[in-house]
Amino acid sequence: MQTPPTMDGRWIISLLVVTLGISTVNAASRDQWIGRSIYQIVTDRFARSDNSTTAACDAAQGNYCGGSFQGIINKLDYIQDLGFDSIWISPAQTQISARTADLSAYHGYWPNDLYSINSHFGTPKELQALSSTLHDRGMYLMLDIVVGDMAWAGNSSTVDYSTFKPFDDQKYFHDFRLLSSDPTNETCVLECWMGDTVVSLPDLRNEDEQVQNILGSWISELVSNYSIDGLRIDSVLNIAPDFFSNFTKSSGVFTVGEGATADAADVCPLQPSLNGLLNYPLYYILTDAFNTTNGNLSTITESISYTKGQCEDVLALGTFTANQDVPRFGSYTSDISLARNILTSSMLADGIPILYYGEEQHLTGSYNPVNREALWLTNYSMHSTSLPTLVQSLNRLRSYASGDGEQYTQKSQSGSDYLSYLSAPIYNSTHILATRKGFAGNQVVSVVSNLGAKPASKATTKITLGSDETGFQSKQNVTEILSCKTYVTDSSGNLAVDLSSDGGPRVYYPTDSLKDSTDICGDQTKSATPSSSAASSVSPNQSKGSETCLFGVPLGISTLVVTVAMATSYAFI
């Protein structure tokens, strides 16, 4: 749901839903979705039908700027070049038409007719064309929807319920009371109206059988009519939990919930009824750890360990560094090194990587509405900064390691599935974190830092990663994917890492295992650089036995349960 422009609340929950079987693509099962990489789009702000890269769009004004379904079709090459194979677009239903003090409904979270398509974005045929074009490219379509309320431009006393489709009677809605009047009351959380006195959001009785049946029929039609592969359902914490069982059965979809709380304990209990969640706890920790050079990276491993203990299926968690409801990372810092490091940490973590459009361009919008900039003004450059090629390399490596790279897993290993191997921290300090994911022969070792582009002269910038942690062997060639330079481990299999030039990140992969890759460091004939043992011997919190981490935290890595305080304000996204 849409936040009034000045609000920056912290308790948000939604659903990401993915279809289990669409005839135009392979069945989108949970196992297939955890191997996907998603590019999230605000439809009105991504691309125009006329391909303009100069059309004015002042995000702060909150007006429609002309982005469309056809515009997205026109720029799918850009998305695929970044390495993404799925997109997530804004709600497509018809919205309130009036512009109010809360701005326009360009975002899609103020619906008044569920059975028609927002003409600002295009026609039903153009949405069908987007879906078809994506499927022809082997890509998936995820659509955002709102099922908890309808929208009215005006205060509660002026609402004309007869204008809502299909809920054209007051009997379908809870009695008026603003959620902001009692935001910690559990009953009010489920039954009170979000929004404000400018844009009213009458709250549906999702617990009623008649409302459930109407929405069940609608979602079944929507998914079928547009061959949708995924749905994001808005504001789930504000809807009776019993609603979702029948709704998801009607849609035939796999559900993943989103709750904007820093504490996994607040959202992970939903996983018995929802397959997965968006990983807000990790988002908050990553943002705090990387947005300055004074952050503490050790909190990342604490958060990951805690979430593993709370959630049934961490592989179905969506990882991200920004979205339409929170500040862009670029609003915190202009340091591209810090941006590179947080993106690497997020995109290579366990779960489904989701990139909010424009993060690859280091856009700088903070909270709504200025974090919904027009991407066309960047000219979709792949060279604006080093971030587009970074994202491309990370996506390509993840796709390769979870595909062709698995054949290079050493036969002595207990498994070969890259995605199912739970990542393990192998070096952990305040400013440097090294992580391993994957069995030996197909392991990705990433090293991130918050040292910044120009590390302090007294900072520790050189570390040595031991063979027991990385799984690399004596005198083994290892390719650093982001620079395409090849290094050789020492006689003990140790790998020296030097971040002094730029603060990282570094991503290592066995050179010989890249034989079947056509788009990752294609020229593997570059001379190898010896890995010197002269690197710093400072190795705080190194962990042993990472091969045991397929179904849990690796042996030797202590599980630290950390309770993160949850804010109780709300964002009406």
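In the annotation of an unreviewed UniProt entry, the entry for the protein reads alpha-amylase, and the organism field reads Aspergillus tubingensis. Its UniProt record gives the protein the following Sequence similarities (unreviewed entry) comment, quoted word for word: "Belongs to the glycosyl hydrolase 13 family." Quoted verbatim from the Catalytic activity (unreviewed entry) heading of the UniProt record, the comment on the protein is "Endohydrolysis of (1->4)-alpha-D-glucosidic linkages in polysaccharides containing three or more (1->4)-alpha-linked D-glucose units."

Visitor: Help me out: how do you make sense of empty space enclosed by the protein in this one?
Guide: Vacant regions in the atomic arrangement are exposed by a probe of water-molecule size rolled over the atoms. Inspection of the entire model under this criterion finds 9 cavities of 30 Å³ or more. In this structure, the largest cavity encloses a volume near 220 Å³. Lining the largest cavity we find 21 residues, and of these Ser-345, Ala-349, Ser-423, Thr-435 and Ser-446 sit closest to its centre. Contributions of two or more residues to the lining of the largest cavity are made by α9 (280-290), α10 (298-310), α11 (336-347), β15 (424-428), β16 (432-437) and β17 (444-449). For the lining of the largest cavity, the two domains that each supply at least three residues are domain 1 (30-408) and domain 2 (424-513). Size it by volume and the second largest cavity reaches roughly 120 Å³. Around the second largest cavity, the lining residues are Asn-279, Pro-281, Leu-282, Ser-303, Ile-304, Thr-307, Lys-308, Val-314, Leu-317, Ala-349, Asp-350 and Ser-423. Where the lining of the second largest cavity is concerned, the elements lending two or more residues are α9 and α10.

Visitor: Explain the confidence of the model for the protein to me, please; I cannot follow it from the model alone.
Guide: Scored by pLDDT, the protein has a mean of 87; 86% of the residues are at 70 or more. Scored below 50 in pLDDT, residues 3-27 makes 129 contacts in the model with residues more than four places away or belonging to other chains. For residues 532-573, every residue scores under 50 in pLDDT, and the model assigns this stretch 117 contacts once sequence neighbours within four places are set aside.

Visitor: Honestly, the sheet that holds strand β8 (residues 194-195) in this entry has me stumped. Any pointers?
Guide: Sheet strands associate in pairs through backbone hydrogen bonding, adopting either a parallel or an antiparallel arrangement. Across the sheet, which stays open at both edges, the 3 strands sit in the order β7-β9-β8 with antiparallel pairing between neighbours. Across the chains shown, the open sheet's two edge strands, defined by having one partner strand only, are β7 (152-153) and β8. Direction of pairing for β8 relative to strand β9 (residues 199-201): antiparallel, over a ladder of 2 bridges. For Gly-195, the partnering residue across the bridge sits in β9 and is Ser-200.

Visitor: In this structure, what is going on with the pattern of salt bridges? I would like to understand it.
Guide: If charged atoms from side chains of opposite charge come close, those side chains can pair. Under the criterion given, the structure shown has 17 salt bridges. Linking Arg-137 and Asp-77 is a salt bridge whose minimum nitrogen-to-oxygen distance equals 2.9 Å. Highlighted residues: Arg-137 in the loop between α5 (124-136) and β6 (140-145) and Asp-77 in helix α4 (residues 76-81), separated in sequence by 60 residues. The class for Asp-77 is exposed, based on a relative accessible area of 52%. The partner of Arg-372 in a salt bridge is Asp-325, and the shortest N-O contact between them spans 4.0 Å. Residue Arg-372 is located in the loop between β14 (352-356) and α12 (387-401), and its partner Asp-325 is located in the loop between β13 (318-319) and α11; the two are separated by 47 residues in the primary sequence. On the accessibility criterion, Arg-372 (1% relative accessible area) is buried. We classify Asp-325 as buried; its relative accessible area is 5%. It is possible to trace a salt-bridge network through shared partners that takes in Asp-144, Arg-232, Asp-234, Asp-325 and Arg-372.

Visitor: When you look at helix α8 (residues 243-251) in this model, what are you seeing that I'm missing?
Guide: Along an α-helix, residues three or four positions apart point the same way, because every turn accommodates 3.6 residues. For α8, the full list of buried residues reads Phe-243, Phe-244, Phe-247, Thr-248 and Ser-251. With its buried residues spanning 105° around the axis, α8 presents them on a single face. Gly-252 sits one or two positions beyond α8 and adopts a positive phi of about 65°.

Visitor: How do you make sense of the state of the cysteines when you look at a structure like this?
Guide: Should the sulfur atoms of two cysteines be covalently bonded, the bond is a disulfide. Within the structure shown, the criterion is met by 4 disulfides. Cys-188 shares a disulfide with Cys-192; S-S distance 2.0 Å. One quick way to see it: the torsion about the S-S bond of Cys-188 and Cys-192 is about -115°, and its sign makes the bridge left-handed. As far as the burial class goes, Cys-188 and Cys-192 line up, both buried. Put simply, Cys-268 and Cys-311 are joined by a disulfide, and their sulfur atoms are 1.9 Å apart. Negative torsions about the S-S bond denote left-handed disulfides, and the value of about -65° found for Cys-268 with Cys-311 makes this one left-handed. Note that Cys-268 is positioned in the loop between β11 (253-259) and β12 (276-278) and Cys-311 in the loop between α10 and β13, a separation of 43 residues in sequence. Like Cys-311, Cys-268 is buried.

How each quantity is defined
Residues numbered from 1 in each chain as written. Predicted model: local features only at pLDDT ≥ 70, side-chain atom pairs only at ≥ 80, totals over all residues. Heavy atoms only, no water. UniProt positions renumbered as here; feature names shortened; annotations may be inferred. 1 Å grid on protein atoms, 1.4 Å probe; cavity = no way out; pocket = protein on both sides within 12 Å on 5 of 7 lines; lining within 4 Å. Points joined across faces, edges and corners; volume = space filled by probe spheres on them. Helix = DSSP H or I, 4+ residues; strand = E, 2+ residues; numbered from the N terminus. Domains from an automatic or database assignment. pLDDT = per-residue confidence, 0-100. Contact = heavy atoms within 4.5 Å. Pairing = 2+ DSSP bridges. Salt bridge = Lys/Arg side-chain N within 4 Å of Asp/Glu carboxyl O. Buried < 20%, exposed > 50% of the residue type's maximum accessible area, 1.4 Å probe, protein only. Arc of directions from axis to C-beta. Disulfide = S-S within 2.5 Å.

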